[in-house]
Amino acid sequence: MSNTPFYAEGGYIGKVTQQAMVKSSNKGTPQFVLQFNVIKGADGKEVATQSRKMYRPITAGTAEYFKQDLETLGFPGGSLKLLDPSTPGFYDLKDREISVYCKHEAD
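Predicted, not measured: the structure shown is a model, and the values here were computed from it. (Residues numbered from 1 in each chain as written. Predicted model: local features only at pLDDT ≥ 70, side-chain atom pairs only at ≥ 80, totals over all residues. Heavy atoms only, no water.)

**Examining the overall build of the protein**
Thinking step 1. For the protein, the count of helices and strands is one helix and four strands.
Thinking step 2. Taken from the N to the C terminus, the helices and strands of the protein come in the order β-β-β-α-β.
Thinking step 3. With respect to the principal axes defined by its C-alpha atoms, the protein has extents near 40 × 30 × 25 Å.
Thinking step 4. Each of the 107 residues in the protein was classed as buried or not, and the buried ones make up 26%.
Thinking step 5. Just so you have it, the protein exposes about 7500 Å², and 50% of that area is on carbon and sulfur atoms.
Thinking step 6. The centroid of the 13 positive side-chain charges in the protein is displaced by 4 Å from the centroid of its 12 negative side-chain charges. (Helix = DSSP H or I, 4+ residues; strand = E, 2+ residues; numbered from the N terminus. Buried < 20%, exposed > 50% of the residue type's maximum accessible area, 1.4 Å probe, protein only. Areas by Shrake-Rupley, 256 points an atom, 1.4 Å probe, with all protein chains shown as cover. Lys, Arg positive; Asp, Glu negative; His and termini not counted. Charge placed at Lys NZ, Arg CZ, Asp CG, Glu CD.)

**Some details on the pattern of salt bridges**
Thinking step 1. Scanning the entire structure with this criterion turns up one salt bridge.
Thinking step 2. Residues Asp69 and Arg56 are paired through a salt bridge, measuring 2.7 Å at the closest nitrogen-oxygen approach. Of this pair, Asp69 sits in helix α1 (residues 63-72) while Arg56 is found in strand β3 (residues 51-57), placing the two residues 13 residues apart along the sequence.
Thinking step 3. Judged by relative accessible area, Asp69 falls into the partly exposed class, the value being 27%. (Salt bridge = Lys/Arg side-chain N within 4 Å of Asp/Glu carboxyl O.)

**Things to note about the packing of aromatic side chains**
Thinking step 1. In this structure the tally under the stated criterion is four aromatic pairs.
Thinking step 2. With a centroid separation of 4.9 Å and an interplanar angle of 80°, the aromatic rings of Phe6 and Tyr7 are classed as edge-to-face.
Thinking step 3. Here Phe6 falls in the partly exposed class, since its relative accessible area comes to 46%.
Thinking step 4. You can call Tyr7 buried: its relative accessible area is 8%.
Thinking step 5. An aromatic cluster is built from Phe6, Tyr7 and Tyr12, whose rings are joined through pairwise contacts. (Phe/Tyr/Trp six-rings, centres within 6.5 Å; stacked < 30°, edge-to-face > 60°.)

**Description of the side chain of Thr87**
Thinking step 1. Mapped onto the fold, Thr87 is located in the loop between α1 and β4 (97-102).
Thinking step 2. Only 2.9 Å separates the side chain of Thr87 from the backbone oxygen of Lys81, close enough to count as a polar contact. (Polar contact = N/O pair within 3.5 Å; in protein donor to acceptor, adjacent residues only side chain to side chain.)

**A few points about the nonpolar core**
Thinking step 1. Counting 18 residues, the largest nonpolar core has Tyr12, Phe32, Leu34, Phe66, Leu83, Leu93 and Ile98 as its most contacted members.
Thinking step 2. Contributions of two or more residues to this core are made by β1 (10-23), β2 (30-41), α1 and β4.
Thinking step 3. The leading source of residues in this core is β2, at four residues.
Thinking step 4. Each residue touching Phe32, except ones within four places of it in the same chain, is listed here: Gln19, Ala20, Met21, Met54, Tyr55, Arg56, Ile58, Phe66, Leu83 and Leu93. (Core = buried A, V, L, I, M, F, W, Y, C linked by side-chain atoms within 4.5 Å. Contact = heavy atoms within 4.5 Å.)

**Points about the pairing of β2**
Thinking step 1. Examined bridge by bridge, β1 and β2 share 11 bridges and lie antiparallel to one another. When the sheet's bridge partners are listed, Gly14 is paired in β2 with Val38.
Thinking step 2. The turn linking β1 back onto β2 is made up of six residues, and Gly28 within it adopts a positive phi angle of 75°.
Thinking step 3. Bridge count for β2 against β3 is seven bridges, and the pairing is antiparallel. The partner of Leu34 across the bridge, within β3, is Met54. (Pairing = 2+ DSSP bridges.)

Structural data, given as structure tokens:
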């Protein structure tokens, strides 16, 4: 049975709908989750809107990449707890437009 990807590989613009700090189900390590709706192609062309989730594990090996992602999102720094919606005064990314990239990988 063939599973055809919904989006072609390439850049898109997403609009954040939710964020969360969770533990991975595999290793129990912390990870940041952004849920977003794909709203258009990076070229501005309309696309069918679908909800997607992006998971960013937070480990010693990924910390530098995660820091770069947060800088791109405008995160002012400080404690990562400020990314958790259960923290009073958290850094809310809802409705922020973000650049995302769709890449297909073989199963």
